[in-house]
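Spelled out, the chains give:
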Amino acid sequence: MISTLPTDCLNKIFECLEKDKATLHSCLLVNRLCCRISVEILWRNIWDFKCIDQIMRTLIDCLPNESKDLLINNGVTSIPISNPPLFNYVSFCKVLSIPHLLIGYCTYIEILTKDPKNYLIIQEILKMFMKQISSLKKMDFCFFEDDYDYYYSFYEKYNFLNFINFPGANDCLKNLSELICDSYINSEFFLQLSKICHNINSLVIKFEETVSVVGIKDLIFCQNNLKSISFTCNNGRDIFDNDILNCFKASTKHSNTLTELFLYGISLPSTFTKIIFSNLRALKLVFSINVDTLIKFLVNNGKNLEELSVFRCDNNSLNLAIANYCQNLKSLYIHFPSNGIEELKMIFVNCQQLESIITSCGYTHLSGKRLLELVAKYSPKNFHELKLREANLNSKDHLESFFSSWKDRIPLKPFSLIINGNGKDPLNNNIIRKLVEKYKGLGVIKKFENSNK
């Protein structure tokens, strides 16, 4: 039956299985056509696989003969001798992860520290990527913290980023849509990249002590349709130094296209309070929260937000501003002080599109019991999910009271309650399981999770 379907139809069916790796693997044995379609999808992002060593063997098998000859002539003895691969696997790749290629889980890469000649393997693989991948979509060269020391010593010896000058690099990289990088990469690399890549939609930059600000600023500025920016900084440097501020200034060019802004360890700059980001839908802030600046930002930009996350900040003035200026929110991650009942009520009353809240309870915040009462009584009709940390729900009566109240909602929307950590008095799982089964059967509960992690 499947062999009679047109190829275009099969392609569309298999595309729906992109995230279902197990099913795609099972299709490899159906016939050659199904095998090829499955392989093409599976190889888009090979770095997700656990068997990186096997991936590396296949990549080396795919090397052209001239590359293999070069390696052998330079004394690289770890080149396997095997039959040509069934497909040109490399041409299917859409993602390049430099960290995985250099120092991931691969035993092939570990030999670099033993014999520097083996660096040539990486060089030839990168050369193959540039020449055979027609359009790379995502590139990642943000290294894991545990590997920094190794990376720095390795980077001093080998300029592995010279792949940007390899034949075919311009065509390979010109349609890059997602870039994840560290700021300490040589500024010349970013400058060259800014001349090639003008269609990046998502940009993630981790700021380190060394910043290639000129290159990064130019790369940000020259994009045509930048939609998502993520700046992270967790090394204790001055978050308002000129390097980072210049990158913020470059990003203001994209005030009409930006839909998502994520800042980790970096406060919103005051200059952003005077700019209208007309399409901003998601704002995520972790640490280094300047409440006054954030409130001023929300005055101009809160009305279009659908998702707002403010990590570890419990401030009634901020929550009041959310209620007044962010009335189209669907998802909210915020903390509510123990005296913040009225502000939460106002959020429920004003934000009628709200569907989900993530929050913590604990000693200085609203208790889990009180939150459930307020959700049951005041939450808007679309609301259906609550995620709690340190909920301090110390009896099944607290949950049953909430589920019973929710049962009477009109219209009834099945509720998802996720509890991560329940303080010093964990809920009895057996009792809760029976309670959950009862209310699932009544259509009140969609999902319930109770973890003490």
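Refer to the preceding data block for the structure.
Worth saying up front: this structure is predicted, and the values here are computed from it rather than measured.

## Notes on empty space enclosed by the protein
- Inspection of every chain in the model, using the stated rule, returns one cavity of 30 Å³ or more.
- Put simply, the largest cavity is a space of about 40 Å³.
- Taken together, Ile266, Ser267, Leu268, Leu285, Ser288, Ile289, Asn290, Thr293 and Leu294 make up the lining of the largest cavity.
- Across the lining of the largest cavity, the residue classes break down as five nonpolar, four polar and no charged.

## Comments concerning the layout of surface pockets
- Its volume calculated, the largest pocket comes out at about 270 Å³.
- Taken together, the elements giving at least two residues each to the lining of the largest pocket come down to α3 (32–42) and α4 (52–62).
- Broken down by class, the residue content of the lining of the largest pocket amounts to ten nonpolar, three polar and no charged.

## Topic: the pairing of strand β6 (residues 260–264)
- Side chains Leu261 and Leu263 project from β6 onto a buried face, and the interleaved Glu260, Phe262 and Tyr264 project onto a face without burial.
- As defined by bridge partners, strand β5 (residues 228–232) adjoins β6 across five bridges and the pair is classed as parallel. In the strand pairing of β6, threonine 232 is matched with tyrosine 264.
- Sheet analysis places β6 next to strand β7 (residues 282–286), joined by five bridges and oriented parallel. Paired with glutamate 260 across the strands is alanine 282, a residue of β7.

## Some remarks on the side chain of histidine 254
- Structurally, histidine 254 is set in the loop between α13 (242–251) and β6.
- Assessed through its relative accessible area of 2%, histidine 254 is described here as buried.
- Within the local environment of histidine 254, its side chain forms a polar contact with the backbone oxygen of isoleucine 220, the two atoms lying 2.6 Å apart.

## So, unusual backbone geometry
- Note the cis peptide between isoleucine 410 and proline 411, where omega equals -5°.
- Position of proline 411 relative to the elements: it lies in the loop between α18 (396–407) and β12 (415–420).

## Overview of the packing of helix α15 (residues 316–325) against helix α16 (residues 341–350)
- Interaxial distance between α15 and α16 falls to 8 Å at its minimum, and their mutual angle equals 15°. When the axes of α15 and α16 are compared, the pair comes out roughly parallel. Crossing of α15 against α16: the hand is left-handed. Here Asn316, Asn319, Leu320, Ile322, Ala323 and Asn324 of α15 lie close against α16, whose contacting residues are Glu343, Met346, Ile347 and Asn350.
- Its residues assigned to classes, the contact of α15 with α16 shows five nonpolar, four polar and one charged.

Rules used throughout
- Residues numbered from 1 in each chain as written.
- Predicted model: local features only at pLDDT ≥ 70, side-chain atom pairs only at ≥ 80, totals over all residues.
- Heavy atoms only, no water.
- 1 Å grid on protein atoms, 1.4 Å probe; cavity = no way out; pocket = protein on both sides within 12 Å on 5 of 7 lines; lining within 4 Å.
- Points joined across faces, edges and corners; volume = space filled by probe spheres on them.
- Nonpolar A, V, L, I, M, F, W, Y, C, P; charged D, E, K, R; others polar.
- Helix = DSSP H or I, 4+ residues; strand = E, 2+ residues; numbered from the N terminus.
- Buried < 20%, exposed > 50% of the residue type's maximum accessible area, 1.4 Å probe, protein only.
- Pairing = 2+ DSSP bridges.
- Polar contact = N/O pair within 3.5 Å; in protein donor to acceptor, adjacent residues only side chain to side chain.
- Axes fitted to C-alpha atoms, helices over the stretch in contact; angles between N-to-C directions.
- Parallel < 35°, antiparallel > 145°, perpendicular 65-115°, else oblique.
- Left-handed = near helix turned anticlockwise from the far one by under 90°.
- Contact = heavy atoms within 4.5 Å.

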